[in-house]
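The residues making up each chain are set out below.
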Amino acid sequence: MQNDLQDKCGIVGVYSYDESLDVASWIYSGLYTLQHRGQESAGISVLKDGRINTHVGMGLVSDVFNNDLLDILNGNVGIGHVRYSTTGDSSYENCSPFVEHKEDIIISMGHNGDIVNSEILREELKASNHEFKSTTDSEVICHLIIDEYNKDHDVIRSIKSACSRLIGSYSLVILINGVLYAVRDPLGMKPLALGTNDDFIVVASESVAFDSLDIDYVRSIEPGEILAIDDGEMTSYYLPREEHTANCMFEYLYFARPDSIIFDKKVYDVRLNVGKKLAEEYPIDADVVIAVPDSAIPATLGYSRATGIPYAEGLIKNRYVGRTFIMPTQKDRDLAVKLKMNTIESVLKDKRVIVIDDSVVRGTTSTTIIKMIREAGAKEVHLLVGCPEIISPCYYGIAMATKEELLAVDRTNEEIRDIIGVDSIGYISIEGLVESIGTPAEDLCLGCITGDYPTVIPPELEDKE
């Protein structure tokens, strides 16, 4: 549900074949299309004559950059980042890309994901006299690479060795000594795509970043791939492969834009499939089916097409309301939801209404929305959810909740129904979700809905959650 999850990060890397062409404005455009992945800060690093020029700041991409700034960020290769904090506070010091210049290595990096053993690694690096400017796990990766590079000045070996010590999720764009690298963890937990045209090579969290730049989608960066882009040539190296991948299923349901391709699959098609599967699993007699905008709209269309129940816009989202801060009282939290969303009474009054949402985490937003629909005069309200019950926290980059805050933990569906205030509630089955995505269950990360994680979770992190 919309306010219960926080976005992760978005990354972009751009290489221009024309050394006289500055790429900062192209990175800006790519980040702008990935704004949904993080709204706390933004940054761009570009390389020119062996020097990395960087500008970062708090806020949206359009707040951090203007034409004058983009004009002075000169260079034909660069990276960009939009951030939502998962590890590390929301502060200027934690803005990315990070830049480090040590002896004969200059490095800048943007990271999407979460390293679950980052605190252990940080303490080890501090003991080796590494100094940190931030509290993020992204900077830990930077220092690991530097530490390895100092041994033999072999960049690829340094990246491989650094990554071998990481537990968790990571897609990376890195500038090292003038070369652009794109790296994806061996489980392929976070998306990272490659696109090209006659002028540019681009890597980005989602293919939608290519569309504004007229870049052709080529493929996903492979799990465990290190793609080096240098002098117009692309060379792939590989980390040790895992037997299976662990693509984040939440990327399909919530985070990615519906017009994106991630993990070589079209997000819109997956969400349509979710709606069709909900129709199979929950054939409800109703007058109208509505979506909690925006991410649940394709699933709602899929449900409508499969059942013949008319789709209508019963909830309208105010797209000009920014991120809401933590409200002190339930009354204030209700107001925050109402600022973001409003009902259309003529669609809902005296109707049997099916509401479809992408997920229910804490349930607080769901409860307020259902109350609004009731107040608009709905005769019945049935809630269908495109994600199975969330029973465990995420350790890989989604700041969703602690286990104690999760609505579905130790509650029956009937209890959840009564808390939210609906006539019935139905969650898509795990099997139905897997079928909708079209990827075998063993190649997906389903940790938050099964409690079975694809990596070891340090005990101190489990205790914290």
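Cut-offs and rules
- Residues numbered from 1 in each chain as written.
- Predicted model: local features only at pLDDT ≥ 70, side-chain atom pairs only at ≥ 80, totals over all residues.
- Heavy atoms only, no water.
- Buried < 20%, exposed > 50% of the residue type's maximum accessible area, 1.4 Å probe, protein only.
- Helix = DSSP H or I, 4+ residues; strand = E, 2+ residues; numbered from the N terminus.
- Pairing = 2+ DSSP bridges.
- Right-handed = clockwise from strand over helix to strand, strands pointing away.
- Salt bridge = Lys/Arg side-chain N within 4 Å of Asp/Glu carboxyl O.
- Contact = heavy atoms within 4.5 Å.
- Expected span 1.5 Å × (residues − 1).
- Axes fitted to C-alpha atoms, helices over the stretch in contact; angles between N-to-C directions.

J.: Explanation requested: the pairing of strand 20 (residues 352–357) in the structure shown.
T.: Side chains on a regular strand alternate between the two faces of the sheet. Of all six residues in strand 20, five are buried; the element is thus mostly enclosed. Bridging between strand 17 (residues 288–291) and strand 20 involves four bridges; their strand directions are parallel. Paired with V289 across the strands is I354, a residue of strand 20. When strand 20 meets strand 21 (residues 380–385), the two strands line up parallel, connected through six bridges. Bridging from a neighbouring strand, V353 pairs with V381 of strand 21. Since strand 20 and strand 21 lie parallel, the crossover through helix 13 (residues 364–375) that links them has a hand, and here it is right-handed.

J.: Looking at this model, I keep getting lost on the pattern of salt bridges. Mind explaining?
T.: It is possible for side chains of opposite charge to pair when their charged atoms get near one another. Per the stated rule, a full pass over the model turns up 20 salt bridges. One salt bridge in this structure joins E222 and R241, with 3.4 Å as the shortest N-O distance. Of this pair, E222 sits in the loop between strand 11 (216–220) and strand 12 (225–230) while R241 sits in the loop between strand 13 (233–238) and strand 14 (247–248), and the two are 19 residues apart along the sequence. What makes E222 partly exposed here is its relative accessible area of 29%. In this structure, R417 engages D418 in a salt bridge whose closest nitrogen and oxygen atoms are separated by 3.1 Å. Accessibility expressed as a relative area gives 53% for D418, which makes it exposed. Put simply, E148, K151, D152 and R157 are held in one network by salt bridges that share partners.

J.: Would you mind showing me how to read the environment of A408 here?
T.: By secondary structure assignment, the location of A408 is in the loop between strand 21 and helix 14 (413–420). When its relative accessible area of 10% is taken as the criterion, A408 is described as buried. With 19 residues separating them along the chain, A408 and E389 place their C-alpha atoms 5.8 Å apart. With sequence-adjacent residues up to four places away left out, A408 is seen in contact with E389, I390, I391 and I416.

J.: Whenever I open this one, helix 15 (residues 430–437) confuses me. Can you help?
T.: At 3.6 residues per turn, the α-helix brings residues three or four places apart onto the same side. Those residues of helix 15 not exposed but buried are G432, L433, V434, S436 and I437. Buried residues belonging to helix 15 abut helix 8 (249–255), strand 16 (265–266), helix 9 (267–281), strand 23 (444–445) and helix 16 (447–450).

J.: When you look at helix 13 in this model, what are you seeing that I'm missing?
T.: The end-to-end C-alpha separation of helix 13 is 17 Å, in line with the 16 Å expected for twelve residues at 1.5 Å each. Listed in full, the buried residues belonging to helix 13 are T365, S366, T368, I369, I370, M372 and I373. Taken from the residues just after helix 13, G377 is the one with a positive phi, measuring 100 degrees.

J.: It is not clear to me how the sheet that holds strand 17 should be interpreted in this structure. Could you clarify?
T.: Each strand in a sheet pairs with another by means of backbone hydrogen bonds, the pair being arranged parallel or else antiparallel. Across the sheet, four strands lie side by side as 17-20-21-22; this open sheet has parallel pairing. In the strand order of this sheet, the two ends are held by strand 17 and strand 22 (424–427), each with one partner. On average, adjacent strands in this sheet sit at an angle of 20 degrees to one another, irrespective of strand direction. This element, helix 10 (residues 297–307), spans strand 17, strand 20 and strand 21 of the sheet and lies at about 165 degrees to strand 17. Packing against the sheet, helix 13 makes contact with strand 17, strand 20 and strand 21, and its axis sits at approximately 150 degrees to strand 21.

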